[in-house]
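Fold and geometry: a report
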Amino acid sequence: MSSSQPSETDEVDVDVEPETETESFTGTGLPRVEDRRILTGKAEYIHDITPENCLHMALVRSMHAHADIVSIDTSAAEDHPDCELVLTAADVKAEYGPMPVGIPEVETDDGVATLEEWSLADEKVRFVGEPVAVVVASDRYAAEDVADLVDVEYDPRDAVADGMEAREDEVLVHDNVGTNVVDGERLEFGDLDDAFEEADHVVSGEYSWSRISGVPLETAGVVAQYDDETDSFDIDCNIQLHTLVDEMIHEPLGYDADDVRVNVPADVGGSYGTKIGIHRYCCLAAMASKELERPVKFNEDRLENLQGGDMHSSDREYEMRLAVDDDGTMRGLDIWFVDDFGAFPRYPVNQVLKPLSVLTNSYEIDHVGYEYDLVLTNKTSQTAYRGFGVDPHIYALEMIVDEAAREIGIDPTEFRRRNLITPDQLPYTLPSKNIYDSGDYPATLDRIEEIIADERDGGLLDPEVVAERREEGKYRGVQPSVIIEPGVSGSDWTDRQRTETDELEERSRDEVDELPEHLRATVREDGTVQAYLATDSSGQGHQTLVSQLLADELGVLPSDIEVDYLDSVDAPTEYGSAASRMAVMLSGATVGLAERVGEAAERVAADRWGVSTDDVAYQDGAVDRIGGDESLSLAELAAVDAERDVEDRELTSVSYNYDHPATEHEEFDEAFTQKFPVYPTAAFGANAPIVEVDSRTGEVDILKFYTVRDCGTMLNPMIVEGQAHGGIAQGVGAALLEEFGYEDDGQPQAITLFDYLLPSIENVPEIEMEHTETPSPYTETGAKGVGEGGMIDAPASIATSINAALEPIGADEPADRIPVAPDHLLGKVQEAEDESEDEE
């Protein structure tokens, strides 16, 4: 079991290499090649890029949550000696188009209403921090001064900042739409009515998940340069998924994709999904650059990032029912929730449906209802965030499971065990048609119980210790659970989920568009290999992963391989870094690419020797002539290739596209042809955080976080552990600290890091982690996605452990909201004490 506490044995071995010829770099904790430049300060982030003659952009933002824009007077700003440009919505609308939105049209009683979002507020503002005007000046300081001179007259309106209240439509965020409920659907699987009618018990609960987000170290940034000779743009920015969401930039600009080159630096200071939504900044900087014919740079500051940076995540109110028999069998599950999307429906429409991929978590429940309302309010719009909407779902589900166990009088751990999907049921098809690939959930629960059993005998949970702490008002508890992490999204799910169900009935499997991962390589003159990724990275270690796998596949050293990135024009349109996808997709692409390189090398060698490719064989960085003593190294082959009189040299551009893993497996066809998500890998783990709740202050201390995790084949254990530790740290923050709260009038409560509480070393507990490996049958290397675990599973595990800790007090589901803040817990403790006094 690994621990987050450093020890002598935890020191990083920077010279990790296979000890024998039969060993491989894959599966070893090869140190990340990215870390040397990051730790030595040599990494170049977007904030480090400032071209010659560059100007700087600042934004005038709304201080109102909801108001009509009466007038904008830019004269004083334009008179400032350092002002180069002022843009308002009128300027933008005269030359450019609106930004794409997740729900462009809403059916109303009067027909169809259009939802439009411009990169600058048009006629009215809908959230605090919404950009109203752009100013450009000689430097950022001057730009801020100029921005202060833009005089905007507002006519304030009433605002709505609560998702449940917004459903009443008393305040409309978009007048033309006539409702704030812009989407919703009910899906039913199995025979839900019978399941609930025939069950011995129906348990219900209500749970809240408040707004949180990634809050990356490096905020959003962009440097845009317009080239008047080619009428095209070069945009350096730290956007995530730059080859997939580049349309969010070139469409508002009104240009073709090939005319807007989007490039992301090799090093980005975090994203966790949130930087998918920074296209507004890219568009505005590009527009300003075109107007001025000079480079324009914009760096989002921390206040902008927290307040109005288009980067908040899920904001949900759940109502759940669970149908259960006396013997503890879960018969049916009914889920209803409202997700508050903020002022505009963006990309996170997908977030609402991704939980279908883990609809029943690790439990066998055949009859399920899933219903949601998407509402708009006067808050910052949502974007993607690590977990992509699964984390609230898993939290609410584990809470109703907890509640049901206590209501029917079964130990919550035993209740969970009786309903776990068993190994003989795998691959297991969920009611919502996604498939769990491999694993042993009962064994994992057994193992985590064995681990914490040691704590019950002289450890943190020793009965005598627990009793002593209760005398001081401190309650300890733990509740083990097994949680699934879906991995590797892809295909045309976004299109399918926006299509009417009737229209999908005749859809065939052949109509499904896939999103493979692209990888490219060149063998250089010295025999080293230059590989190119078609995706961007925000710290996941893609370069390390590709170099170690490619080294194994080609029989060379990782130091013989250099990995770089392609921009949006040179790369094909790919999905990229999202949904715990890259380890699976890049490893599959690397295996295929290496095979292509080997085949190309064999053709060059066969041509040189004048023999058939059947007479040569590639191995260990060279091609040997079968039955002879001739051999050509990669360097020699590159030289031979360069001398050949052919149009396309074999070794200068070898590429491979790895298809989505579910493509070849017909068992996914039903999901592919309908509107269900397809996530073909199911990483899983059992958590047991031991918590202590101070009943006098409501504060929660996580004494130790035990976890057993399985992500299939571990390609690089060091990266796997890093992902898990980071995810759990974010989960701790979500569970106990973080919240983008709003006043009733829409004013944000957390606009500095004094208000938005991120977990520090004081809050992140000692994490003790074990790993098991059950390779996925669906992926090339057996790897499963692992990038979102921790954030998906930690909040649910911490919440159920808090419930367990406070059970002796008689508190009713004390962790029924996220974050479980001290004031909330104090209220729950007080309620329990009041009820106890009434009973006496």
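Predicted model, so just to flag it, every value in this text is computed and none were measured.

1. Some remarks on the nonpolar core
Counting residues in each nonpolar core, the largest one holds 127 residues, and the members touching the most others are Leu322, Phe415, Tyr436, Tyr441 and Ile802. Per element, the largest residue contribution to this core is 11 residues, and it comes from helix H11 (residues 390-408). With near-sequence residues (within four places) excluded, Tyr436 lies in contact with Ser357, Val358, Leu359, Asn361, Ile421, Leu426, Pro427, Tyr428, Leu430, Tyr441, Ile484 and Ala682. Within the second largest apolar cluster, 49 residues are counted, among which are Ala89, Phe233, Ile249 and Ala384.

2. What to know about the confidence of the model for the protein
Residue-level pLDDT values for the protein average 93, and 97% of them are 70 or greater. Taken as a whole, residues 3-16 scores under 50 in pLDDT and shows 20 contacts with residues more than four places along the chain or in a different chain.

3. Quick look at the pairing of strand S22 (residues 481-487)
Most of S22 is tucked away, with seven of its seven residues classed as buried. Taking every second residue as pointing to the same face, both faces of S22 are buried, with Ser481, Ile483, Glu485 and Gly487 on one and Val482, Ile484 and Pro486 on the other. Strand direction decides the pairing type here: S22 and strand S30 (residues 681-694), joined by seven bridges, are antiparallel. Bridge pairing links Ser481 to Asn687 in S30.

4. Considerations on the pairing of strand S23 (residues 517-523)
Across the seven residues of S23, seven count as buried, placing the element largely inside the fold. Residues of S23 alternate between two faces, with Glu517, Leu519, Ala521 and Val523 on one and His518, Arg520 and Thr522 on the opposite face, all of them buried. With five bridges joining them, S23 and strand S29 (residues 654-658) adopt antiparallel strand pairing. Directly across from His518, in S29, lies its bridge partner Asn657. Sheet topology note: the S23/strand S24 (residues 529-533) ladder contains five bridges and is antiparallel. What sits directly across from Leu519, in S24, is Leu533. Counted along the chain from S23 to the antiparallel partner S24, the turn is five residues long, and its residue Gly527 has a positive phi close to 90°.

5. Remarks on helix H13 (residues 441-455)
End to end, H13 covers 22 Å across 15 residues, agreeing with the expected 21 Å (1.5 Å per residue, within 8%). Those residues of H13 not exposed but buried are Tyr441, Pro442, Thr444, Leu445, Ile448, Ile451, Ile452 and Glu455. Where the residues of H13 are buried, they touch helix H12 (412-419), strand S20 (435-436), S22, S30, strand S31 (700-710) and strand S32 (767-772). N-cap assignment for H13: the residue whose side-chain oxygen lies 3.1 Å from the backbone N of Ala443 is Asp440.

6. Quick notes on the sheet that holds strand S16 (residues 316-324)
Sheet architecture is open: six strands sit in the order S10-S18-S17-S16-S11-S33, paired in mixed fashion. The open sheet has two edge strands, strand S10 (181-189) and strand S33 (817-818), and neither has a second partner. Both S16 and strand S17 (residues 330-340) contribute to a ladder of nine bridges, which runs antiparallel. From the neighbouring strand, Val324 faces S17, where its bridge partner is Met330.

7. Let's talk about the layout of surface pockets
If a probe as big as a water molecule is rolled over the atoms, it shows which places are left empty. Empty space within the second largest pocket amounts to approximately 1300 Å³. Gly102, Thr494, Asp495, Gln497 and Arg498 are, among the 50 residues lining the second largest pocket, the residues nearest its centre. Put simply, the parts of the chain that give the lining of the second largest pocket at least two residues each are strand S5 (105-108), S10, helix H7 (247-253), helix H10 (349-353) and helix H15 (493-497). Ranked by the residues each element gives to the lining of the second largest pocket, the list is headed by S10, at five residues. Counting contributing residues, the lining of the second largest pocket receives three or more from each of domain 1 (388-492 + 666-839) and domain 2 (505-664).

8. Things to note about the packing of helix H17 (residues 542-554) against helix H18 (residues 582-609)
Between H17 and H18, the shortest axis-to-axis distance is 9 Å and the interhelical angle comes to 35°. In the packing of H17 onto H18, the handedness of the crossing is right-handed. For the pair H17 and H18, the contacting residues are His542, Leu545, Val546, Leu549, Leu550, Glu553 and Leu554 in the first and Met582, Ala583, Leu586, Ser587, Thr590, Val591, Leu593, Ala594 and Val597 in the second. Its residues assigned to classes, the contact of H17 with H18 comprises 12 nonpolar, three polar and one charged.

9. Some remarks on unusual backbone geometry
Here the residue pair Leu426 and Pro427 is connected by a cis peptide bond, since its omega of -5° sits within 30 degrees of zero. Here Pro427 lies in the loop between H12 and strand S19 (428-429). In this chain, Ile818 is followed by Pro819 through a cis amide linkage whose omega measures 5°. Assignment of secondary structure puts Pro819 in the loop between S33 and helix H23 (822-839). Backbone geometry places Leu241, a non-glycine residue, at a positive phi of 65°. Secondary-structure assignment places Leu241 in the loop between strand S13 (232-237) and H7. Exposure remark for Leu241: the relative accessible area of 1% places this residue in the buried category. Even without glycine at this site, Lys433 takes up a positive phi of about 80°. Positionally, Lys433 belongs in the loop between S19 and S20.

Calculation criteria
Residues numbered from 1 in each chain as written. Predicted model: local features only at pLDDT ≥ 70, side-chain atom pairs only at ≥ 80, totals over all residues. Heavy atoms only, no water. Core = buried A, V, L, I, M, F, W, Y, C linked by side-chain atoms within 4.5 Å. Buried < 20%, exposed > 50% of the residue type's maximum accessible area, 1.4 Å probe, protein only. Helix = DSSP H or I, 4+ residues; strand = E, 2+ residues; numbered from the N terminus. Contact = heavy atoms within 4.5 Å. pLDDT = per-residue confidence, 0-100. Pairing = 2+ DSSP bridges. Expected span 1.5 Å × (residues − 1). Polar contact = N/O pair within 3.5 Å; in protein donor to acceptor, adjacent residues only side chain to side chain. 1 Å grid on protein atoms, 1.4 Å probe; cavity = no way out; pocket = protein on both sides within 12 Å on 5 of 7 lines; lining within 4 Å. Points joined across faces, edges and corners; volume = space filled by probe spheres on them. Domains from an automatic or database assignment. Axes fitted to C-alpha atoms, helices over the stretch in contact; angles between N-to-C directions. Left-handed = near helix turned anticlockwise from the far one by under 90°. Nonpolar A, V, L, I, M, F, W, Y, C, P; charged D, E, K, R; others polar.

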